[in-house]
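Fold and geometry: a report
So the chains spell out like this:
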Amino acid sequence: MNVKLRQISEDHWEEVANIYRLGIQSKQATFETSVPTWEKWSSSKDLSSSFVLLDEDTDRVIGWTAISKVSNRSVYQGVGEHSLYLHPDYQRKGYGKFLLVKLIEHSESSGYWTLQSGIFPENIASIQLHKSCGFREVGMREKIGKLDGVWRDVVLMERRSANKNFTE
């Protein structure tokens, strides 16, 4: 696997936005129907815990992951919701697991004790990926939002850190 991980920046936005657009078009990745501007997208992310995965030979962005804090309340300071997107040409080849493992490692060293994600139940590959990285299904959020006028469910996935500093 000839890849490198870099902190996401505005310089990556065109390629990140393209991968996000492909995820939106799949109708299996997000409720969003259009790609926001960098300013709007980045304002809701913890950019210090958001990364791009680059093909080492071409420097092409092949995937990205980002964390959003679930709340500004201090009691939830270690809880983040994450997103992970791969270019379709790189799916099902181990890159998603690599990216998610690196995100988990970084998030724990940055004080996150819980990562969560909402995944459409039809997106079995993403659910399996998350389970392989220690996430568990917390439950189903039924008809949580509409996509193209159709109510959709999401599986709420959660990973709690095993780091004793967070749990004692």
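Residues numbered from 1 in each chain as written. Predicted model: local features only at pLDDT ≥ 70, side-chain atom pairs only at ≥ 80, totals over all residues. Heavy atoms only, no water.

1. Looking at the overall build of the protein
Put simply, the rule is: Counting from the N terminus, the helices are DSSP H or I runs at least four residues long and the strands are E runs at least two residues long. Relative accessibility under 20% of the residue-type maximum defines a buried residue, over 50% an exposed one, and the middle range a partly exposed one, all with a 1.4 Å probe and only protein chains included. The contact criterion used throughout is that any non-hydrogen atoms of two residues lie within 4.5 Å. Where accessible areas are quoted, they stem from the Shrake-Rupley method and a 1.4 Å probe; at the residue level, only the protein chains shown are allowed to cover.
Secondary structure summary: the protein contains five helices and seven strands in total. Listed N to C, the secondary structure of the protein is β-α-α-β-β-β-α-β-α-β-β-α in terms of helices and strands. The principal-axis extent of the C-alpha atoms belonging to the protein is close to 45 × 40 × 30 Å. Within the span of the protein, comprising 168 residues, buried residues form 40% of the whole. Considering only contacts in the protein between residues 6 or more positions apart, those separated by 24 or more positions represent 63%. For the protein, the exposed surface amounts to about 9,400 Å²; the carbon and sulfur share of it is 43%.

2. Details of the nonpolar core
Nonpolar side chains in soluble globular proteins generally cluster together in the buried interior. Stated precisely, the cut-off is as follows: Residues belong to a common nonpolar core when they are buried Ala, Val, Leu, Ile, Met, Phe, Trp, Tyr or Cys residues joined through side-chain atoms within 4.5 Å.
Ranked by size, the top nonpolar core spans 15 residues in total, and within it Val16, Trp41, Val52 and Trp64 carry the most contacts. Looking at this core, the elements that each hand over two or more residues are α1 (13–26), α2 (38–43), β2 (51–55) and β3 (61–69). If one sorts the elements of this core by residue count, α1 sits on top with six residues. Apart from residues no more than four positions distant in its own chain, tryptophan 64 is found in contact with Ile8, Val16, Ile19, Tyr20, Trp41, Phe51, Val52, Ser83, Leu84, Tyr85 and Leu99. One finds Ile67, Tyr112, Leu129 and Val155 within the second-largest nonpolar core, a separate group that totals 14 residues.

3. A few points about the pattern of salt bridges
Threshold: A carboxyl oxygen of Asp or Glu within 4 Å of a side-chain nitrogen of Lys or Arg is what we treat as a salt bridge.
The full count for this structure, using the stated rule, is seven salt bridges. Note that aspartate 59 is salt-bridged to lysine 4, the shortest N-O span being 2.7 Å. Here the residue aspartate 59 occupies a position in the loop between β2 and β3, and lysine 4 occupies one in strand β1 (residues 3–7), the gap between them amounting to 55 residues. Residue class for aspartate 59 comes out partly exposed when judged on its relative accessible area of 41%. For arginine 152, the salt bridge is made with glutamate 122, and the minimal N-O distance between the two is 3.2 Å. On the criterion of sequence distance, the pair formed by arginine 152 in strand β7 (residues 150–160) and glutamate 122 in the loop between β5 (114–119) and α4 (124–132) is long-range, its members being 30 residues apart. By relative accessible area, glutamate 122 is classed as partly exposed at 48%.

4. Here we look at the pairing of β7
A regular strand places its side chains so that they alternate between the two faces of the sheet. As a reminder of what qualifies: Any two strands are treated as partners once DSSP identifies two or more bridges connecting them.
Relative to β7, β5 is paired through six bridges, and the arrangement is antiparallel. Paired with serine 117 across the strands is methionine 157, a residue of β7. Relative to β7, strand β6 (residues 136–147) is paired through eight bridges, and the arrangement is antiparallel. Of the residues in β7, the one forming a bridge with arginine 141 is valine 154. Two successive antiparallel strands, β6 and β7, enclose a turn made up of two residues, where aspartate 148 displays a positive phi of approximately 55°.

5. Looking at the confidence of the model for the protein
Quick note on the threshold: Confidence per residue, as judged by the predictor, is encoded in pLDDT with a range of 0 to 100.
Averaged over every residue, the pLDDT of the protein is 95; the share at 70 or more is 98%. Averaged over each element, pLDDT in the protein is lowest for helix α5 (residues 164–167) (69) and highest for α1 (98).

6. Some words on the sheet that holds β5
Adjacent strands of a sheet pair through backbone hydrogen bonds, lying either parallel or antiparallel. Definition in use: Here an axis means a line fitted to C-alpha atoms, over the contact stretch when the element is a helix, while the angle between two N-to-C directions is reported on a 0 to 180 degree scale.
If you walk across this open sheet you meet the seven strands as β1-β2-β3-β4-β5-β7-β6, and the pairing is mixed. In the strand order of this sheet, the two ends are held by β1 and β6, each with one partner. The mean inter-strand angle of the sheet, taken between neighbouring strand axes irrespective of direction, is 25°. Pairing of β3 with strand β4 (residues 79–86), which is carried by seven bridges, proceeds in the antiparallel orientation.

7. Regarding helix α3 (residues 95–109)
Stated precisely, the cut-off is as follows: Every helix has an expected span of 1.5 Å times one less than the residues it contains. Arc, as used here, means the arc of the directions from the helix axis to the C-beta atoms.
The terminal C-alpha atoms of α3 lie 21 Å apart, and with 15 residues this matches the ideal 21 Å at 1.5 Å per residue to within 8%. All of the buried residues in α3 are Tyr95, Gly96, Leu99, Leu100, Leu103, Ile104 and Ser107. End-on view of α3: buried residues confined to an arc of 165°, all on one side of the axis. Remark: glycine 111 follows α3 within two positions and exhibits a positive phi of approximately 95°.

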